[in-house]
Amino acid sequence: MEPYSPSNFISVFSTLPNPANVVNGINGLDGDDKKKPLNLWPGMYHSPVTIALWETKSKIFERLLDPPLDAPPQRELLIRIPAQSRTTILYNFSSDFVLREQYRDPWNQVRIGKLLEDLDALAGTISVKHCSDDDSTTRPLLLVTASVDKIVLKKSISVDTDLKISGSVIWVGRSSIEIQLDVTQSPEDAVALTANFIFVAQDSQTRKAAPVNRLSPQTEKEKQLFDEAEARNRLRKRKRAEDKKDHDMLGEQRLQALLAEGRIFCDMPALADRNGIILRDTRLENSLICQPQQRNIHGRIFGGFLMHRAFELAFSTAYVFAGVMPCFLEVDLVDFLRPVDVGDFLRFKSCVLYTELDGDYPLINVEVVAHVTRPEIRSSEVSNTFYFTFTVPPEAKATKDGSRIRSVLPATEEEARRILERRDAKTLHPVQCSSN
């Protein structure tokens, strides 16, 4: 064994402050032993922006550590205005080289997957601000991400220019909250991306739905956003009610017509349309064991991390399918169906669900489904569903031979139903392609 010498020994140190020693935002205080317990540490995987947001949020949750056994729920609901929850974060990309390198993708733009993590963390911080009653004798609510209604990229986001994300609560129901975030970039501060998150409040002891503070919009813009969110909420409820009904005759005819096209590929592949492809032939998959470094301050796997991993797989799926580098357009919908815990065996399965070829920009709609798999008890449950839309750049379409986007066809009735359901959902919120 080679003897030790300073020249061949390299020490490795953490580049992050120890969360256990952070008290009121100050590191390494002497005196009282007020250390943050391990169960309030965020994982060490996350971006500096996410960690800073969680540090802000955790100050409210610290009273959960040792609450009185009979701590009551919030006594009365407060009336908040959007400005009280409004939060802004600034990315100083132009002056902070290290931060810039953490977010740079191979094309000198911001990594969308990392940005999705920060958006989720910011939305969570805003929801906590709105729901806090500022009373340390009551138990705070547990706020969970129910879904991401929409994330739309309006223009490309450069990693060399300062970036700002601002958001606030725009609507509340009885126990649900909608938060809208806007990503802007200088010099003109044009909106580059918008995102809408929906959170649900639960009692931290009973885990039942709990009422949240009311919202009083003040400006005309805030009132407009509230009304639009209210309309979306009614639409979601109506859609859920319709999903419970039997499919009508017209829907069944559409399903059978779509399925008939796909059966040609299965039964007579030599005669099938060469501009089409069976859905199962577009699939990709990856798996991972969820690690402690990926947890949030509640000890469960951070939803932003799940979105990041799903986006990376969706991007790869669209890339392999199109044969050219895809351009991200939007997150259509994300559903958080069950929590994912540290140690879970998580499988992500993706496919191109369908394509739209009629407009100037071909659209590639990718579905990613996350499964929590438990080999010991031979079970697999869906934890999340993600839907993304991509296109291909016009210059690639014009110059790349053989890059024609193919139509995707189902081989089973279940696949045909999934395609029709997403197509119908997209007709309510058509994709807007940007020329940037």
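Refer to the structure printed above.
Treat the numbers as computed from the prediction; the structure is a model and nothing was measured.

Trainee: So what's going on with the overall build of the protein chain? Which residues, and what values?
Mentor: Along the backbone of the protein chain there are nine helices and 16 strands. The burial tally for the protein chain puts 48% of its 436 residues in the buried class. Here the analysis covers contacts within the protein chain between residues at least 6 apart in sequence; of these, 76% occur between residues at least 24 apart. As displayed, the protein chain offers around 22500 Å² of accessible surface, 52% of which is attributable to carbon and sulfur atoms.

Trainee: Outline unusual backbone geometry, supporting the account with residue identities and numerical values.
Mentor: One non-glycine residue, Arg207, lies in positive phi territory at about 60 degrees. Within the secondary structure, Arg207 sits in the loop between β8 (190–203) and β9 (214–215). In this structure, Arg378 is a non-glycine residue whose phi angle is positive, near 55 degrees. Note on placement: Arg378 falls in the loop between β14 (363–374) and β15 (379–391).

Trainee: Which residues make up the packing of aromatic side chains, and what values do they have?
Mentor: Aromatic rings in a pair are described by how distant their centres are and how their planes are angled relative to each other. For the structure on display, the rule yields 14 aromatic pairs. Relative to Phe388, the ring of Phe311 lies with its centre 6.0 Å away and its plane at 65 degrees, an arrangement referred to as edge-to-face. Of this pair, Phe311 sits in helix α7 (residues 303–322) while Phe388 sits in strand β15, and the two are 77 residues apart along the sequence. Both residues of the pair, Phe311 and Phe388, count as buried. Feature note: the residues Trp107, Phe311, Phe315, Tyr319, Phe328, Phe348, Phe386, Phe388 and Phe390 constitute an aromatic cluster, connected by ring pairs. The cationic tip of Lys114 hangs over the ring face of Tyr103; the distance from NZ or CZ to the ring centre is 5.5 Å. Above the plane of the ring of Tyr387 lies Arg422, whose end atom (NZ or CZ) is 4.3 Å from the centre.

Trainee: Can you lay out the sheet that holds strand β13 (residues 345–356) for me, pointing to particular residues and giving the numbers?
Mentor: As summarised here, the arrangement of the 10 strands in space is β4-β6-β7-β8-β5-β12-β15-β14-β13-β11, forming an open sheet in which the pairing is antiparallel. Where the open sheet ends on each side, the last strands, each with one partner, are β4 (87–91) and β11 (284–289). The mean angle between the axes of side-by-side strands here comes to 20 degrees, regardless of whether they run parallel or antiparallel. Relative to β14, β13 is paired through 11 bridges, and the arrangement is antiparallel. Bridged to Phe345 within β14 is Thr373.

Parameters at a glance
- Residues numbered from 1 in each chain as written.
- Predicted model: local features only at pLDDT ≥ 70, side-chain atom pairs only at ≥ 80, totals over all residues.
- Heavy atoms only, no water.
- Helix = DSSP H or I, 4+ residues; strand = E, 2+ residues; numbered from the N terminus.
- Buried < 20%, exposed > 50% of the residue type's maximum accessible area, 1.4 Å probe, protein only.
- Contact = heavy atoms within 4.5 Å.
- Areas by Shrake-Rupley, 256 points an atom, 1.4 Å probe, with all protein chains shown as cover.
- Phe/Tyr/Trp six-rings, centres within 6.5 Å; stacked < 30°, edge-to-face > 60°.
- Lys NZ or Arg CZ within 6 Å of the ring centre and 35° of its normal.
- Pairing = 2+ DSSP bridges.
- Axes fitted to C-alpha atoms, helices over the stretch in contact; angles between N-to-C directions.

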